[in-house]
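Below, each chain spelled out in residue letters.
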Amino acid sequence: MVGRTKRRTSREKKIWRKNTASLLEAERRKQEKREKGSRETVGSSNMEEVVSLKFRQQLLFIDENLVAEDVAALKFLCTDLLPFKKLESVKSAVDIFQLLMAEEYLNKEDTFLLAELLYRIKCHSLLKKLGYTKEKVQECLHEKGRVSPYRQMLYELSENITNEMLKHIIFLLQNCLPKRRIIYSALDLLILLEKQGLLTENNVQMLEEVCMNVSPDLLETVNCYKRTKVPLPQQNTLPVKESSLFHTGDIRVFTSPQETSIKSVSSNINDNKATNLTQGFSEINLELPEEFSNKMKSYKMDGPHRGFCLIINNVNFDRSLQERKGSCKDAGELEQVFTWLGLDVRTYTDLTSWEIKDLMRTWQRLQDHKDRDCFICCILSHGESGAIYGKDEELVSIRMIMSHFTAKQCPQLAEKPKLFFIQACQGKEIQCPVYVEADARIPDLSSMQQSVSPSESIPEEADFLLGMATIDGYVSFRHIQQGAWYIQALCSKLQLLVPRGEDILSILTEVNEDVGRRVDRLGTKKQMPQPAYTLRRKLIFPIPRNPPPSQQH
């Protein structure tokens, strides 16, 4: 009996041990599974954090490359998407990004709205940070675009309203605008009109009449918008009269002084203010300033100091970009020619993207500009569409560089001509003969498919000129011994034509003709420069007393 009990106990112990071992093994496997799942969760979490960090870094990079005017444009384009009170407190692009993310318009998986906004404000060089190109955004706009045609129309209109036009519009509307409100830009004016109910998506009557009398060319933008809408009662499209403007590139000049009578157009306007304003228009006569006379005036260029000329000459680069042989010859000739023209020339060599931006900020704040007649900046580097490379091979937007010197950012240069000459490729790399190199980056052609015209790089403000070595999408050529075609032609024509009293636009036309005739030694490569400008007057350099540098040796 005792023996049977011991044997049973022994068997029970074995079974218990076996069961215990099974339970422990099962528990061990569960633990391993939990630990593995935990590791996967942690790994997934870490991956999400990395993606999120990268996304926010992209947004910060975009923010750093946008100027105050760009932020104002973004705010305006987001007016229909974000609460207006929140938009009023926006100080930077990052603030806008935060609001868009809070409203679920923007996240790391879907950045198209931001891409659309950058496309609308013509910051095409920043699109590749979001994985887009100009063409890709255009393809998706019909299906995914969020900025309304109305908002697009107003923004396009604001870009074409010059400072002089804005002054005239404010004068016409002075009885309907708050007396103490200072209006700095066309966007400010449009927002104010919307706040007062004088301008809505379905009522652009006032806008039509103002455009008709200040500049009939502007009216076509409004009419295009109305043609895309479903016809509304009493929304008759005003005919665009033959413009009294003649166009020379981007410059617009009235052919003669004229008196414009503003006529009311019959329309059912519900708002009393708008009705009163329309009635008042029929009695207003606006005499345009004398400066819009048939004979265009010239910028004042007879001060004690002509101005500063900056030359940024990037020859050597940190990684894959080739040395720009022959560029030092260009920089030397530019220095000689602009010194001869009376400018105080400062040359900087091999600057990084950050150093270029910092240099622009330094010269932006310089008080000595107020005693100068003009400002000139020449940049010699490799480039892509709408941008140039720093020594560190990071892109710097040409638009951002120029925007440091708007009247608002640099009041000392207000109403003075500001000239920028860019020797850099603006498109795809191509194969060139050994003695001719192209100022463009060799790798990653896909990133260079975007197209940015010079007029998109220039600030929407008067008194700027941007001289590009080549039209957008193409390379510019530089002889490794004789220098760049464009810079050599520019220096040659300045020395030849300034003593003859020619203005800068006539000189640049001669530069175009000179460069356009040049070919590489195999006769297969050509180049055509392209200027863009918002000059209001002729720019004529005073004839120097000394002979040109080319005749001094």
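Structure first, text after, so check above.
Rules used in this analysis
Residues numbered from 1 in each chain as written. Predicted model: local features only at pLDDT ≥ 70, side-chain atom pairs only at ≥ 80, totals over all residues. Heavy atoms only, no water. Helix = DSSP H or I, 4+ residues; strand = E, 2+ residues; numbered from the N terminus. Contact = heavy atoms within 4.5 Å. Areas by Shrake-Rupley, 256 points an atom, 1.4 Å probe, with all protein chains shown as cover. Buried < 20%, exposed > 50% of the residue type's maximum accessible area, 1.4 Å probe, protein only. 1 Å grid on protein atoms, 1.4 Å probe; cavity = no way out; pocket = protein on both sides within 12 Å on 5 of 7 lines; lining within 4 Å. Points joined across faces, edges and corners; volume = space filled by probe spheres on them. Core = buried A, V, L, I, M, F, W, Y, C linked by side-chain atoms within 4.5 Å. Pairing = 2+ DSSP bridges. Axes fitted to C-alpha atoms, helices over the stretch in contact; angles between N-to-C directions.

### Comments concerning the overall build of the protein chain
Along the protein chain, the regular secondary structure elements total 18 helices and 16 strands. A separation of at least 24 residues holds for 74% of the contacts in the protein chain among residues at least 6 apart in sequence. For the protein chain, the exposed area adds up to about 27,700 Å²; of that, 50% sits on carbon and sulfur atoms.

### Side note on the side chain of Arg120
By the secondary structure assignment, Arg120 is in helix 5 (residues 112-120). What makes Arg120 buried here is its relative accessible area of 18%.

### So, the layout of surface pockets
There is about 1,500 Å³ of room inside the largest pocket. What lines the largest pocket is a set of 47 residues, among which Ala72, Tyr184, Ser185, Asp188 and Lys408 lie closest to the centre. Examining the composition of the lining of the largest pocket, we find that seven residues originate from one element, helix 2 (residues 68-77), more than from any other.

### Concerning unusual backbone geometry
Even without being a glycine, Glu393 presents a positive backbone phi close to 65°. By the secondary structure assignment, Glu393 is in the loop between strand 9 (387-389) and strand 10 (395-397). Here the phi dihedral of Glu415 falls at roughly 65°; this positive angle occurs in a residue that is not glycine. You can see Glu415 is positioned in the loop between helix 15 (398-403) and strand 11 (418-423). Relative accessible area serves as the criterion here: at 55%, Glu415 is assigned to the exposed category.

### With respect to the nonpolar core
By size, the foremost hydrophobic cluster in this structure holds 71 residues, and its most contacted members are Leu66, Leu118, Ile121 and Leu207. If near-sequence neighbours (up to four positions away) are discounted, Leu207 is found in contact with Met153, Leu154, Leu157, Leu190, Leu199 and Val222. Counting residues in hydrophobic clusters, the runner-up holds 40 residues, among them Ile311, Trp340, Val498 and Ile507.

### Comments concerning the sheet that holds strand 11
Strands sit in the order 6-5-7-11-13-16 across an open sheet of six strands; the sheet is mixed. Edge positions in the sheet fall to strand 6 (344-349) and strand 16 (530-533), since each of these pairs with one other strand and no more. Direction aside, neighbouring strands of the sheet carry axes that sit 10° apart on average. Pairing of strand 11 with strand 13 (residues 464-468), which is carried by five bridges, proceeds in the parallel orientation. In the sheet register, Phe420 faces strand 13, and the bridge partner there is Leu466. Strands in contact with helix 14 (residues 353-364) are strand 5 (305-313), strand 6 and strand 7 (372-380); relative to strand 5, the strand with the most contacts, it is inclined by about 170°. Contacting strand 7, strand 11 and strand 13, helix 17 (residues 485-497) crosses the sheet at an angle of about 140° to strand 11.

### Some thoughts on the sheet that holds strand 10
Strand order in the open sheet formed by three strands is 8-9-10, with antiparallel pairing between adjacent strands. Two strands in the sheet have a free side with no partner beyond their single neighbour: strand 8 (383-384) and strand 10. Inspection of the sheet shows strand 9 paired to strand 10 by three bridges, in the antiparallel sense. Residue pairing in the sheet places Tyr389 in a bridge with Leu395 of strand 10.

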